[in-house]
Amino acid sequence: MRDVVVIGAGGGGPVVAAELAGRGLDVLVLEGGPRQADPENEWSHAENDANNPNNGFLRFGPEDRSKPAWFREWTTNMFVWQLSGVGGTTQHYYGNSPRPMPGVFRGYSGADAAEYDTGHLFPFTYDEFVPYLEWVEATLPVETAAMGTKEALTFRGCENYGLPLQTSRNITRNAFRPQQNAILQPGGNAGKTDDPNLLNYPQATGCSFCGHCFQGCYLPRQAPRNQFAKRSTDNSYVPLGLSADAVRPGGRAFELLANSFVQSIRHEQEGAHTVARGVTWRDNATGEIFSEDARVVVLAGGATESPRLWFNSGLPNPNDWVGRGHTDHFFDWIVGSFDEYTGNSKGANSSARVDFPGRGGIENVGLGPAIQAFALSLSDSGSRGYYDNGRGFTGPWDGPAGRLVGNELKELMMGGIDNLLNFLVITDDHVEPGNRVTPSLFPADENGAPAKIDVSLRHRKRRTLENREFMVHRAAEIMRAAGARKVYRLDWAPLLLHVHSSMRMGESDQNSVLDVNAEARWVKRLFIADNSALANSLGGPNPTLSTQALATRTAEKIFRLYFDGDSWVDKEAPVPSTDPRISARLEQLGL
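Residues numbered from 1 in each chain as written. Predicted model: local features only at pLDDT ≥ 70, side-chain atom pairs only at ≥ 80, totals over all residues. Heavy atoms only, no water.

1. Considerations on the overall build of the protein
Defined as follows: Runs of H or I in DSSP of at least four residues are treated as helices and runs of E of at least two as strands, each being numbered from the N terminus. Values of the radius of gyration come from C-alpha atoms, whereas the globule rule sets the reference at 2.2 Å times the count of residues to the power 0.38. The contact definition used throughout considers only heavy atoms, calling two residues in contact when any of these lie within 4.5 Å. Counting rule applied: Lys, Arg positive; Asp, Glu negative; His and chain ends not counted. Where a charge sits is defined by one atom per residue type, namely NZ (Lys), CZ (Arg), CG (Asp) or CD (Glu).
The secondary structure content of the protein amounts to 13 helices and 23 strands. Compactness check: the protein gives a C-alpha radius of gyration of 23 Å against a globular reference of 25 Å for 591 residues, within 12% of the reference. Along the longest, intermediate and shortest principal axes, the C-alpha atoms of the protein span 65 × 55 × 50 Å. In the protein, 72% of the contacts between residues at least 6 apart in sequence involve partners at least 24 apart. Computed over 57 positive and 69 negative side-chain charges, the inter-centroid distance for the protein is 2 Å.

In structure tokens, the structure reads:
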């Protein structure tokens with residue numbers, strides 16, 4: 001019997017696993033997707049090779065890319081950017097790691113308290129959460145982003161618009177700032193040349209400014225895995241967990257099995273309680289079925305797969321909140337065309353942000369050609385001037401919202417991709433019970449019923465719609481203040497990134513799945529440690545740091561509740577995942 005089995009090696013699972021392995025527990029991590037152990041030779045920076053949802057290496061599917069991606073049912077026109085594999089979605093995130101807004105936690109009493117989703121608060125205070133944020137920030141580590149021309153333009157727009165500079169990691173007022181990114185600062189030759197012969201470790205360290213952050217990162221070349229610039233969990237917490245015996249007294253390296261899809265959480269009735277007892281999984285390559293008993297099970301399959309596995313396991317759902325409350329930050333997109341060079345396609349992809357507490361955030365985004373085209377064509381307002389789907393909003397941008405076509409698109413693109421500036425608008429979504437994940441009625445695959453994702457664009461809460469319009473107007477005004485010659489609003493159709501809260505923790509057992517310890521209310525010894533556990537949409541910031549801080553807190557709760565252990569965040573210092581002892585251990589293990 002294992003002490004702990006963790007289901008999923010995405011953004012949250014490896015955090016719990018590494019922390020508990022550091023305490024000496026016997027931990028098994030099961031990941032349904034592959035592990036790219038040698039990305040320098042397995043991955044390319046070609047956008048289609050990376051991001052194609054059918055056969056790209058960053059897709060939701062098995063290791064064998066000649067086999068189809070795993071099926072999910074979508075109830076309306078939308079795009080769900082979901083990944084499988086060790087690292088999960090952190091394989092292609094930008095490393096953005098801002099803290100959540102304090103107003104989404106219990107006990108907040110600021111002047112803007114009523115501006116947040118007060119019906120779905122975290123069941124503990126922000127002050128309690130800050131030490132866990134600090135612990136993760138030191139472990140990854142999180143640093144102030146390396147910046148370039150597009151960030152300078154963004155800051156110029158913010159200053160001309162009259163916003164102040166934020167100097168703290170805590171969000172307290174409307175302000176702009178450099179991103180807090182989990183991307184190592186450039187060192188040596190990195191950032192000074194694009195000659196690949198000069199970007200080998202250790203002559204080059206950290207971010208090489210190659211501008212392909214969305215495709216995962218295997219740079220600097222020949223670096224140990226834990227020294228790769230972008231701190232996906234496969235570059236940070238997984239190496240930490242595999243080296244737990246080398247960096248913590250009494251630590252015990254966890255075991256990681258990729259291509260191992262968990263089909264069910266085994267459980268039994270014990271008096272009035274359902275109790276998790278272990279898991280059953282399928283080897284994707286051989287089809288063999290395995291089982292493992294465990295004293296504690298941690299579910300970290302992601303905001304879509306965690307409710308799917310819950311339903312397929314036949315676990316209880318007495319208040320009908322399993323899979324409900326699915327939030328996604330209701331994105332929108334603003335593009336500015338400039339007469340000057342913007343550096344859009346160069347350097348780290350997102351290193352400047354603007355926060356409006358209670359409303360959401362804005363971040364600049366640098367793009368390569370294919371994703372730039374994707375960003376300009378995903379619209380719910382149709383084509384500007386031709387048809388508008390009954391939307392086509394007007395405002396501080398030029399003309400109606402919608403995708404550009406014809407001569408207008410030609411004129412924009414003739415200016416060149418490096419004369420564009422992009423703002424992603426991140427709305428503070430209020431939890432909407434009608435947005436949910438349920439089992440699909442389509443035929444089951446080899447792992448059970450697939451997930452059906454039901455997120456309605458037009459049935460958002462009034463406050464969510466107001467927040468989005470507020471943020472889009474601010475983004476267009478800042479873009480124009482930066483010097484944009486023309487400004488476009490795309491009115492994005494649903495793009496499900498930043499998905500969370502589908503297995504939310506909460507203050508009330510009437511509208512949540514998890515209690516204050518992140519333990520399932522109706523299944524003892526079962527905890528959830530992915531984005532689905534978040535109580536709300538954090539006020540608008542990117543969710544990864546919050547998920548990892550919450551996972552750290554959950555690891556402590558597990559250790560105290562079921563292994564008679566003590567807390568450590570309040571007593572010890574974190575081990576940075578770049579620690580040279582980890583590099584040495586990976587070399588010994590041939591990893």
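2. So, the sheet that holds strand β18 (residues 436-439)
Strand pairing in a sheet is mediated by backbone hydrogen bonds. Such pairs are either parallel or antiparallel. This is how it is decided: The pairing criterion for strands is at least two bridges between them, as found by DSSP.
Read across the open sheet, the three strands follow the order β3-β19-β18; overall the sheet is mixed. Taken across any chain shown, the strands that pair with only one partner, and hence form the sheet edges, are β3 (73-74) and β18. Across two bridges, the pairing between β3 and strand β19 (residues 451-454) is parallel. Bridging from a neighbouring strand, Glu-73 pairs with Lys-452 of β19.

3. Focus: the sheet that holds strand β15 (residues 352-356)
Just so we agree on the cut-off: Axes, fitted as lines to C-alpha atoms, cover a helix only where it is in contact. Angles between the N-to-C directions of the axes lie from 0 to 180 degrees.
A sheet is described by the order of its strands in space; here six strands give the open sequence β6-β15-β16-β17-β14-β20, paired in antiparallel fashion. The open sheet has two edge strands with one neighbour each: β6 (175-178) and β20 (486-489). Strand-to-strand twist in this sheet, taken as the mean axis angle between neighbours without regard to direction, amounts to 20 degrees. As paired strands, strand β16 (residues 360-364) and strand β17 (residues 420-427) are joined by five bridges and run antiparallel to one another. Counterpart to Gly-360 in the pairing with β17 is Thr-427. Along the sheet face, helix α5 (residues 149-161) touches β6, β15, β16 and β17 and points at about 160 degrees away from the line of β6. Here helix α11 (residues 462-481) sits on the sheet in contact with β14 (332-337), β15, β16, β17 and β20, set at roughly 160 degrees to β17.

4. Quick look at the packing of helix α1 (residues 13-22) against helix α12 (residues 544-562)
We count it as follows: We call two directions roughly parallel when the angle between them is under 35 degrees, roughly antiparallel when it is over 145, roughly perpendicular when it lies between 65 and 115, and oblique otherwise. The crossing is said to be left-handed when, going from far helix to near helix, the turn is anticlockwise and less than a right angle, and right-handed when the turn is clockwise.
Contact geometry of α1 with α12 gives a least axis separation of 8 Å together with a crossing angle of 40 degrees. Comparing the axis directions of α1 and α12 gives the class oblique. Along this stretch, α1 crosses α12, giving a crossing that reads as right-handed. Only Gln-548, Ala-551, Thr-552, Ala-555, Ile-558 and Phe-559 of α12 make contact with α1, whose side of the interface consists of Val-15, Val-16, Glu-19 and Leu-20.

5. Things to note about the UniProt feature "domain: Glucose-methanol-choline oxidoreductase N-terminal" (unreviewed entry) in the protein
For the record, the criterion: UniProt positions are given in the numbering used here, feature names are shortened, and annotations may be inferred rather than shown by experiment.
UniProt's entry tags residues 204-330 with the feature "domain: Glucose-methanol-choline oxidoreductase N-terminal" (unreviewed entry), counted in the numbering of this structure. Span residues 204-330 is 14% helix and 30% strand, its end C-alpha atoms 38 Å apart.

6. A closer look at the pairing of strand β13 (residues 289-299)
If a strand is regular, its side chains alternate between the two faces of the sheet. Taken together, the five bridges between strand β1 (residues 2-7) and β13 define a ladder with parallel strand orientation. Bridged to Val-6 within β13 is Val-298. Inspection of the sheet shows strand β12 (residues 273-283) paired to β13 by five bridges, in the antiparallel sense. The residue bridging Thr-280 from the neighbouring strand is Ser-291, located in β13.

7. A look at the pattern of salt bridges
This is how the line gets drawn: By definition here, a salt bridge exists when the distance from a side-chain nitrogen of Lys or Arg to a carboxyl oxygen of Asp or Glu is within 4 Å. Burial classification: accessible surface area is computed with a 1.4 Å probe over protein chains only, and a residue below 20% of its type maximum counts as buried, one above 50% as exposed, and the rest as partly exposed.
Taken as a whole and assessed by the stated rule, the structure comprises 46 salt bridges. A salt bridge links Glu-466 to Arg-463, with the shortest nitrogen-to-oxygen separation between them at 3.8 Å. A residue pair is termed a helical-turn pair when its members lie 3 or 4 positions apart in one helix, as Glu-466 and Arg-463 do in helix α11 at three residues. When its relative accessible area of 16% is taken as the criterion, Arg-463 is described as buried.

8. Focus: the packing of aromatic side chains
Selection rule: Centres within 6.5 Å make a pair out of two Phe, Tyr or Trp rings, where for Trp the six-membered ring is used; the pair is then stacked when the planes are under 30 degrees apart, edge-to-face when over 60, and tilted otherwise. Two conditions define a charge sitting above a ring: the NZ of Lys or the CZ of Arg must be within 6 Å of the ring centre, and it must be within 35 degrees of the ring normal.
All told, the structure shown has 24 aromatic pairs when counted by the stated rule. Ring plane angle 75 degrees and centroid distance 5.2 Å describe the contact between Phe-60 and Trp-70, whose orientation is recorded as edge-to-face. Residue Phe-60 is found in the loop between α3 (47-51) and β3, and its partner Trp-70 is found in the loop between α3 and β3; the two are separated by 10 residues along the sequence. Each member of the pair, Phe-60 together with Trp-70, is buried. On the numbers, 5.4 Å between centres and 70 degrees between planes, the contact of Phe-71 with Phe-442 is edge-to-face. On the criterion of sequence distance, the pair formed by Phe-71 in the loop between α3 and β3 and Phe-442 in the loop between β18 and β19 is long-range, its members being 371 residues apart. Among the residues examined, Phe-71 registers a relative accessible area of 40% and is labelled partly exposed. In this structure an aromatic cluster arises from ring pairing among Trp-74, Phe-79, Trp-81, Tyr-94, Phe-214 and Phe-374. Sitting over the ring of Phe-124, Arg-553 keeps its end group 3.9 Å from the ring centre.

9. Here's the deal with the environment of Trp-321
Its location among the elements puts Trp-321 in the loop between α8 (305-312) and β14. Sequence separation between Trp-321 and Asn-511 is 190 residues; the distance between their C-alpha atoms is 6.1 Å. Every residue in contact with Trp-321, bar those within four places of it in the chain, is listed here: His-120, Val-431, Pro-433, Ser-502, Arg-504, Gln-510, Asn-511, Ser-512 and Val-513.

10. So, unusual backbone geometry
It is generally the case that most residues other than glycine have a negative phi and that most peptide bonds are trans. Following Leu-140, the chain continues to Pro-141 via a peptide bond in cis, the omega torsion being -10 degrees. Note on placement: Pro-141 falls in the loop between α4 (126-139) and β5 (143-144). Across the junction of Tyr-201 and Pro-202, the peptide omega takes the value 5 degrees, indicating a cis bond. The topology assignment puts Pro-202 in the loop between β8 (187-188) and β9 (204-205). Of note, the phi angle at His-329 is positive, near 70 degrees, even though the residue is not glycine. Note that His-329 resides in the loop between α8 and β14. At His-498, a residue that is not glycine, the phi angle is positive and equals roughly 55 degrees. For His-498, the location among the structural elements is in the loop between β21 (495-496) and β22 (523-524).

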